[in-house]
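If you want the building blocks of each chain, they are given just below.
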Amino acid sequence: MLAQLVELEKAARAALDAVADEQALAGWYGAYLGRKGKITEAVKALGELPRAERPAYGQRVNEAKRTLEAAHEARRAAIVHAAQDDALLADRVDVTLPGRPAHPGRLHPATRTQREICAIFADMGFQVYRSRHVESDEFNFGLLNMPPHHPARDMWSTFYTTTPGVILRTHTSPGQVHAMREYCPEPVRVVLPGMCYRYEQITARSEIMFNQIEGLAVGPGITMTDLKGTLVDFARRMFGAERKIRFRASYFPFTEPSAEVDMDCILCGGRGCRVCKETGWLEILGCGMVHPVVLRNGGYDPAVYSGFAFGMGPERIAMLKYGIQDIRYFWGNDVRFLEQFG
Ligand SMILES: [Zn+2]
């Protein structure tokens, strides 16, 4: 019996060494260690032996079973390892292939336009002044010459917060007062870019959030001539040297006198088209001489100091410049739109 067992173990080992994959390994296990395997049968044969032979045989057969089980486990690990190595080799990176092109991000068209506008005013000596998005009613309206219940407040549909007197700024103009209070009595020449918020219906022409760029110049002896010269120069640098500009009387509570600035239509050259509503002119910004009340609220004596202010929407400017028909594209997060501005 013992001699038979030694032979059996030898044969099992030889067969195991020949196993090359997981399927064959499972077959080997069934043949030797499975429920009806040869080693299992050899263990069962213990009961049929004469009592005297049982201890020696029993010890030997259990030993054979244990070593074969360990050998099986080692073989299984080796096969799995080899399979992984093969998979890695098959998936090996070919470093000689040309790489996939990187997909670089780019500036949002509103940001691009905003930076372009800031750069033009920087050339004229304006510095960028950033102001808060969440404002007090006082700064957004009161100090800009719109006391509570002033009818002009209806021009700005406002997002109110649950804290009384705290709102989302409806325009960048409150930054004017912050800037003046910071620099007074020095002269001021700043542009204030940033997001503004209005409680409005979202349409092709209006959004609840949009950028504005406001400009402010305060100093002794600043006149309407300075305002006109600055804005005509800006429009020509932004839209082309041949542009015609006109100033049209308007009303803002924080400037006096106030004006809208129109430019001859860049699409039809002033002949009249759908975009300019057949007028030949496009409105690009609003402006005026800073109201004495606002100057005083900023800390300046209106008898000595004067200033001008202007404001425009970079999205609207970009719409004119690139012929974009719908303002909702800007915050719609459609990559097909954004990718067009390289
Ligand atoms: Zn036109």
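Structure's up top.
First things first, this report covers the structure right here in the doc. (Residues numbered from 1 in each chain as written. Predicted model: local features only at pLDDT ≥ 70, side-chain atom pairs only at ≥ 80, totals over all residues. Heavy atoms only, no water.)

### Re the sheet that holds strand 6 (residues 245–252)
Across the sheet, which stays open at both edges, the 7 strands sit in the order 1-4-5-9-8-7-6 with mixed pairing between neighbours. At either margin of the open sheet sits one strand with a lone partner, and together these are strand 1 (127–128) and strand 6. Of the strand pairs in this sheet, strand 6 and strand 7 (residues 255–264) are connected by 7 bridges, and their pairing is antiparallel. When the bridges of strand 7 are listed, F247 appears paired with V261. (Pairing = 2+ DSSP bridges. Helix = DSSP H or I, 4+ residues; strand = E, 2+ residues; numbered from the N terminus.)

### Some words on helix 7 (residues 174–183)
Helical periodicity: at 3.6 residues per turn, an α-helix aligns residues three or four positions apart in one direction. Extensive coverage of helix 7 is indicated by the burial of 7 of its 10 residues. If you check which residues of helix 7 are buried, you get P174, G175, Q176, V177, H178, A179 and M180. (Buried < 20%, exposed > 50% of the residue type's maximum accessible area, 1.4 Å probe, protein only.)

### Some words on the nonpolar core
F121, F234, I284, L285, F310 and M312 are the most contacted members of the largest nonpolar core, which totals 35 residues. Among the elements of the structure, helix 5 (109–123), strand 5 (209–220), helix 8 (224–239), strand 7, strand 8 (281–290), strand 9 (305–312) and helix 10 (314–322) are those that each provide at least two residues to this core. The element contributing the most residues to this core is helix 8, with 7 residues. Beyond its immediate stretch of four places on either side in the chain, L285 contacts L231, F234, A259, E260, V261, F310, G311 and M312. One finds L143, A152, I167 and A179 within the second-largest nonpolar core, a separate group that totals 25 residues. (Core = buried A, V, L, I, M, F, W, Y, C linked by side-chain atoms within 4.5 Å. Contact = heavy atoms within 4.5 Å.)

Any link to function would need more than the numbers given here.
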